[in-house]
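Secondary and tertiary structure notes
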Amino acid sequence: MLLELFTFITAIIINIIKLLLLLLLLLYIIIIIIIIYYYYYYYYYYYYYYYYYYYYLYAYYVYIHFLPGTPVAWLISDREDTTALTCFLKTVQARSPSTTISTAMTDDGTLNCNFSV
C-alpha cells in the first residue's frame, strides 16, 4: 500500500515536472518570437525605413537628339513635393540660363506636382 502510494506520488511529480518543462519551452519560444518581432520592428523598420527610404534622388538628364541621356545635376532630398523640385530646377536654370526644360519624367508614380521654372 505504501509502495503504491509512493509510486503514485512520484508519477504525479514527474508529470508536473514534464508540464513545467513544457511550459518553460513554450515561454522560451514566445520570448524568441518577441525578440524577433522587436528586431524586425524597431531595427529594420525604423533604421532602414526612416533613414534610408525617405531620401529621394533626382537626376537632371540632358538629351541631345537621339543620343543617350547624360546626368548633369543631382538632388538628394528628404521630401518629394513641388517645392523641392522647383528649387532644384531653378538652381539648375540659374547655373545654366540657356537651359530650357521640354519634358519632365518620373519613374515613380507617386510624384504628382505642378512646377514651373
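Structural notes, computed from the coordinates. (Residues numbered from 1 in each chain as written. Predicted model: local features only at pLDDT ≥ 70, side-chain atom pairs only at ≥ 80, totals over all residues. Heavy atoms only, no water.)

Here we take up the overall build of the protein. If you tally the helices and strands in the protein, you get two helices and two strands. If you list the helices and strands of the protein from N to C, you get α-β-β-α. In the protein, which comprises 117 residues, the share counted as buried stands at 11%. Restricting to contacts in the protein with at least 6 residues of sequence separation, those with at least 24 account for 39%. Just so you have it, the protein exposes about 10600 Å², and 68% of that area is on carbon and sulfur atoms. (Helix = DSSP H or I, 4+ residues; strand = E, 2+ residues; numbered from the N terminus. Buried < 20%, exposed > 50% of the residue type's maximum accessible area, 1.4 Å probe, protein only. Contact = heavy atoms within 4.5 Å. Areas by Shrake-Rupley, 256 points an atom, 1.4 Å probe, with all protein chains shown as cover.)

Our next topic: the nonpolar core. Generally speaking, soluble globular proteins have nonpolar side chains that are buried together. The biggest cluster of nonpolar side chains holds eight residues, and these are Y58, Y60, A73, L75, L85, F88, L89 and V92. Among the secondary structure elements, those contributing two or more residues to this core are β1 (56-62), β2 (70-77) and α2 (82-95). Ranked by residues supplied to this core, first place goes to α2 with four residues. (Core = buried A, V, L, I, M, F, W, Y, C linked by side-chain atoms within 4.5 Å.)

By themselves, these observations are geometric and do not establish any function.
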